[in-house]
Amino acid sequence: MDKLSDRIKRLGYSQTFVMSNKARDMKAAGIDVISLTLGEPDFDVPENIKKSALEAIEQNYSHYSPVPGFLELRQAISHKLKRDNQLDYKPTQICVSNGAKQAILNVLAAIINDGDEVILPVPYWVSYDEMVKMMGGKSIFIKTSYVNDFKITAEQLQEAITPKTKAILYSSPCNPSGSYYTYDELQSLAKVIAKNPQITVISDEIYEFINYETTTKSIAAFPEIYEQVAVINGMSKGYAMTGWRIGYSACPEWLAKACDKIQGQMTSGANTVAQRASITALNTDPSEYRYMIDEFKKRRDIVFELMKEIPNFKVLLPKSAFYFFPDVSYYIGKTLDGVEIKDSDDFAMFLLDKAHVGSVGGVSFGSPECVRFSYAASESELREAMRRIKECLEKYQQV
Ligand SMILES: Cc1ncc(COP(=O)(O)O)c(C=O)c1O
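Residues numbered from 1 in each chain as written. Predicted model: local features only at pLDDT ≥ 70, side-chain atom pairs only at ≥ 80, totals over all residues.

1. Focus: the pairing of strand β6 (residues 200-204)
Part 1: For β6, the buried fraction is high: five of the five residues fall into the buried class.
Part 2: Side chains Thr200, Ile202 and Asp204 project from β6 onto one buried face, and the interleaved Val201 and Ser203 project onto a second face that is buried too.
Part 3: Pairing of strand β5 (residues 165-171) with β6 involves five bridges; the strand directions are parallel. Residue alanine 167 lies in a different strand from β6, and its bridge partner there is threonine 200.
Part 4: Once you follow β5 into helix α8 (residues 183-194) and on to β6, the crossover reads as right-handed.
Part 5: Pairing geometry for β6 and strand β7 (residues 229-234), over four bridges, is parallel. Its bridge partner lying in β7, aspartate 204 is registered against isoleucine 232. (Buried ≥ 20, exposed ≤ 12 C-beta atoms within 10 Å, placed from the backbone. Helix = DSSP H or I, 4+ residues; strand = E, 2+ residues; numbered from the N terminus. Pairing = 2+ DSSP bridges. Right-handed = clockwise from strand over helix to strand, strands pointing away.)

Structural data, given as structure tokens:
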């Protein structure tokens, strides 16, 4: 008897975990693997944040918090959105969740009916398509490539919209491409969205601070669509707090209330100690944590120079986040050492087997011609990983 629901059968496993687990198994078997698979900062949580978590334990923050989070935390988020993004959100418009992941799910659960369409610019974060499926929706993909910096245009967006379009969901800065939308680009997308009031923009800004050029803009800053935007952010990436599981949404009141209602039935308020520590993090001047970004930038520049030397990788300098997403289409459709490379997942597996470097194939990001390398690793590991890949692929230049 098959006891599993149709919902669970629709879902796929995250390729990120498939590759990171395989890399871990190889390491456990004594193989010297360098894993560039995971999307999390390799820094420790900053001291003042840890201290405030310890104080919260001492002060017995051990009871349920309000479902959308402590008022002080929502005030700190409101203040942060004004300080860093020039956005006006009242605490009543904010819902604190178990990571940005839950914040996105809350919003999707609040607006998606069976068969509704959600536009996903490609490449997208692996979980987006699965989350849309979980909620009974249908993803509509807009393809991009390294040629256009992995970004969609207003014309492409317009073309993808149908009467069934309920939302557009993207990350800017983008995991996996490392691109972000500029003010002008967001403005032209906002014009299209304003003409389609049934659409909600789910703007995932979790990599906001990991940006090497300028500060990124939120699409919620365009007043004509403010009522149509759900801003998603959290503590995982900018504060190296992935395991503390604090994210949030900032939405129009009607949507914030719906998120609160869903979360109240699913998980209740997020971890109280992590919430208290997040207040400290958000009330600290972001420049205090800038050392992490400076380190990422240094590594990015090193990897870029080395990756350009790898045969037949078409690589852009990522402007934000901590990933490279080179186009490896040269290798797709070829047979390397008897291994058939049908797509970039096969290619990533080939690199793991032959060069002992873990990466994530682009299929689950919607880009079967690209591979994602995280550079949230030490400088020496990154140098060695690039050396191994180059040495491995030099053999196949003429295939
Ligand atoms: C684009 C994007 N959004 C959301 C998340 C999830 O963040 P959180 O740890 O806050 O759930 C990730 C994590 O990898 C991500 O890359």
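2. Concerning helix α6 (residues 126-134)
Part 1: Considered for burial, the residues of α6 that qualify are Val126, Tyr128, Asp129, Met131 and Val132.
Part 2: On its buried side, α6 packs onto α2 (15-28), α5 (99-111), β3 (117-121), β4 (138-142) and β5.
Part 3: The first or second residue beyond α6 is glycine 136, which carries a positive phi of 85 degrees. (Contact = placed C-beta atoms within 7 Å.)

3. Observations regarding the packing of helix α4 (residues 71-85) against helix α10 (residues 272-283)
Part 1: α10 packs onto α4 with a crossing angle of 25 degrees between their chain directions and a minimal axis gap of 9 Å. With respect to α10, the element α4 is oriented roughly parallel. Crossing of α4 against α10: the hand is left-handed. Of the residues in α10, those touching α4 at Glu72, Leu73, Ala76, Ile77 and Lys80 are Gln275, Ser278, Ile279, Leu282 and Asn283. (Axes fitted to C-alpha atoms, helices over the stretch in contact; angles between N-to-C directions. Parallel < 35°, antiparallel > 145°, perpendicular 65-115°, else oblique. Left-handed = near helix turned anticlockwise from the far one by under 90°.)

4. Digging into the domain arrangement of the protein
Part 1: On domain assignment, one finds that the protein holds domain 1 (6-44 + 289-394) and domain 2 (47-284).
Part 2: Listed per partner, the contact involves 36 residues of domain 1 and 32 residues of domain 2.
Part 3: Among the elements of the structure, α1 (6-10), α2, α11 (290-307) and β9 (323-324) are those that each provide at least two residues to the side of domain 1 that touches domain 2.
Part 4: Ranked by the residues each element gives to the side of domain 1 that touches domain 2, the list is headed by α11, at five residues. (Domains from an automatic or database assignment.)

5. Thoughts on the site of the ligand
Part 1: The environment of the ligand is made up of 13 residues, and the closest members are Gly99, Ala100, Lys101, Asn175 and Ser236.
Part 2: Among the elements that line the shell around the ligand, the one with the most residues is α5, at three residues.
Part 3: Of the residues that constitute the shell around the ligand, the class distribution is three nonpolar, eight polar and two charged. (Near = placed C-beta within 6 Å. Nonpolar A, V, L, I, M, F, W, Y, C, P; charged D, E, K, R; others polar.)

6. Topic: unusual backbone geometry
Most peptide bonds take the trans form, and the phi angle of most residues other than glycine is negative.
Part 1: Each neighbour pair has its own omega, and for serine 172 with proline 173 the value is -5 degrees, a cis peptide bond.
Part 2: Turning to its location among the elements, proline 173 is positioned in the loop between β5 and α8.
Part 3: In this model, asparagine 175 is joined to proline 176 through a cis peptide bond whose omega is 25 degrees.
Part 4: By the element assignment, proline 176 lies in the loop between β5 and α8.
Part 5: The residue asparagine 60 is not glycine, and still its phi comes out positive at about 60 degrees.
Part 6: Examined against the element boundaries, asparagine 60 turns out to sit in the loop between α3 (47-58) and α4.
Part 7: Even without being glycine, phenylalanine 150 reaches a positive phi, approximately 60 degrees.
Part 8: Along the chain, phenylalanine 150 falls in the loop between β4 and α7 (154-160).

7. A short note on the sheet that holds β9
Part 1: The strand order across the open sheet built from three strands is β9-β14-β13, with neighbouring strands paired in antiparallel fashion. For this open sheet the edge positions go to β9 and β13 (360-361), each flanked by a neighbour on one side alone.
Part 2: Across two bridges, the pairing between β13 and strand β14 (residues 371-374) is antiparallel. Within β14, the residue paired with valine 360 across the bridge is arginine 372.

8. Topic: the sheet that holds β5
Part 1: Strand order in the open sheet formed by seven strands is β2-β8-β7-β6-β5-β3-β4, with mixed pairing between adjacent strands. Since the sheet does not close on itself, it has two edges, and those belong to β2 (94-97) and β4, each with one partner. Ignoring strand direction, the axes of neighbouring strands in this sheet form an average angle of 20 degrees.
Part 2: Here three bridges tie β3 to β5, and the two strands are oriented parallel to one another. Paired with isoleucine 119 across the two strands is isoleucine 168, which belongs to β5.

9. Focus: the pairing of β7
Part 1: Counting buried positions over the six residues of β7 gives six, a clear majority of the element.
Part 2: Neither face of β7 is exposed, since Val229, Val231 and Asn233 on one face and Ala230, Ile232 and Gly234 on the opposite face are all buried.
Part 3: Of the strand pairs in this sheet, β7 and strand β8 (residues 247-250) are connected by four bridges, and their pairing is antiparallel. Residue valine 231 lies in a different strand from β8, and its bridge partner there is alanine 250.

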